[in-house]
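# Descriptive analysis of the structure
One letter stands for each residue in the lines below.
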Amino acid sequence: MNTHDFYFDLPEELIAQYPLKNREKSKLLFLEKKTGKIEHKIFEDIIDYLEKGDCIILNNTRVIPARLFGKREDTGANIEFLLLKRIEGDTWETLVKPGKKARIGTKVVFGNGELRGEIIDIAEDGTRIIKFIYEGIFQEILDILGEMPLPPYITQKLEDRERYQTVYSKKEGSAAAPTAGLHFTQELLDKIDAKGVNIGYVTLHVGLGTFRPVKVENIHDHSMHSEYFEIEESVAKLVNDTKKKGKKVIAVGTTSIRTLESSVDENSMVKSGSGWTDIFIYPGYEFKVVDRLITNFHLPESTLIMLVSALASRENTLRAYEEAVKLKYRFFSFGDAMFIY
C-alpha cells in the first residue's frame, strides 16, 4: 500500500486558521463505516448518537508553550527550539531551526538569561537533545518565554492560548493539541454524562509523530515516533466492562485510539499503566478495543488519515473527505469533525 493511495486534493482556503467562537457549533460529518452512508450535522448533535452504557474516552493531555526562541551564546544568531518530549529531568528532545549548525556543545540563551541550554546529543532522526539550566520552576519560566506550538499551516497568531487546549486538559506535556477534543464544551460533556454515557480520560503526550510527514513510498516502511501515555486502572476497567456488556467504546481523537489499542493484552483486555507507544495503524489493522471514532479532518498522505481509513476503509474515508471539500468543511486543527460509527 502506497502513501499516494491516501492523497486528496485540498484547497488551501479550507485550512482553518482560527477556532470557531462556539466550540460545539462546528460541522460534524457522520460516516457509517459498514455502508459508507454520510450525514451532515452540527457537533453538539453527537449526543444523539451516543447510547446509555457506551463509554467515551478522551485524551486529557495539556499543550505546553513548547516553542522557544533563543540566541546562540557564541555568535548571537537566532535559533528556535520546539520541545517534543522530556527525556528525564531537565533534558528534552527538540526540533531545532536552523538545525545544520546546531552541533553538540552549542549553548543557547533564552530571554534575558532566565533560561539557558546546551545541546548534548543528536538523535539518529536529527532531533537535538538539549539540557536546560535555570533557577526556579521550569514550567513557570516556560509560560513566560514559550509560545504555543501551532502547526505550520496555521499562519495567524492565536490571541487566547486556551483555544488550543481542550476544556478538560489536565496533564502538561504535549507539543500539539489532541484536536478532536477541541469541539467539546463542559456543558456538552455534562449532557453526555447525564444521558448515562460513561466518560473516561487517558493521557498521551503528542510529540514528533504529529509533525513528521510520511516520506516513504510504501507505508509499511514508515516508522512512528514514540509518545508517552498513561491509562489509570479505573479507565481500563471502564473500557473492559463496556466491551463485556456489548456497548460501544468511542475514542475521541487518533491519540485516544492509539493509546487504547497500544494497551491491549493477549485477551483483548485493556491494561492500566504507562509507557511509550509507536503503534502505526493503517488499513488491514484489526481493532481490539475501539468501535467508533470522533476525529478532525487530516492532512493528505498523513498517518492520521491512514488510521481513519483503517477503521472506516480507505474508499469510504476518501469519499467522505471529497464530500467535505465539496461542502467547504474546515480542515485540520481548528477545523470541523467527523464521527465514524
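Refer to the structure presented above.
First, a word on what this report is: a plain description of the structure on this page. (Residues numbered from 1 in each chain as written. Predicted model: local features only at pLDDT ≥ 70, side-chain atom pairs only at ≥ 80, totals over all residues. Heavy atoms only, no water.)

### Remarks on the pattern of salt bridges
- All chains considered together, the criterion is met by 14 salt bridges.
- When the shortest N-O distance is used, the salt bridge between K247 and E51 registers 3.6 Å. Of this pair, K247 sits in the loop between α3 (233-244) and β14 (249-252) while E51 sits in the loop between β2 (38-42) and β3 (55-59), placing them 196 residues apart in sequence.
- Looking at K247, the relative accessible area reads 24%, which means it is partly exposed.
- Residues participating in the shared-partner salt-bridge network are R62, E162 and E172. (Salt bridge = Lys/Arg side-chain N within 4 Å of Asp/Glu carboxyl O. Helix = DSSP H or I, 4+ residues; strand = E, 2+ residues; numbered from the N terminus. Buried < 20%, exposed > 50% of the residue type's maximum accessible area, 1.4 Å probe, protein only.)

### Describing the sheet that holds strand β6 (residues 78-88)
- Spatial strand order, β5-β6-β7-β10-β9-β8: 6 strands in a closed barrel with antiparallel pairing. Across the sheet, the mean angle from the axis of one strand to that of its neighbour is 45°, orientation sign disregarded.
- Bridge count between strand β5 (residues 67-72) and β6: 5 bridges; the pairing is antiparallel. Across the sheet, F69 pairs through a bridge with E80, a residue of β6. (Pairing = 2+ DSSP bridges. Axes fitted to C-alpha atoms, helices over the stretch in contact; angles between N-to-C directions.)

### Section: unusual backbone geometry
- For the peptide bond that leads from K97 to P98, omega is -10°, which places it in the cis range.
- Tracing the sequence through the fold places P98 in the loop between β7 (91-97) and β8 (107-110).
- Positive phi, normally seen in glycine, also occurs at S313, with a value near 85°.
- Tracing the sequence through the fold places S313 in the loop between α5 (303-312) and α6 (314-326).
- We classify S313 as partly exposed; its relative accessible area is 25%.

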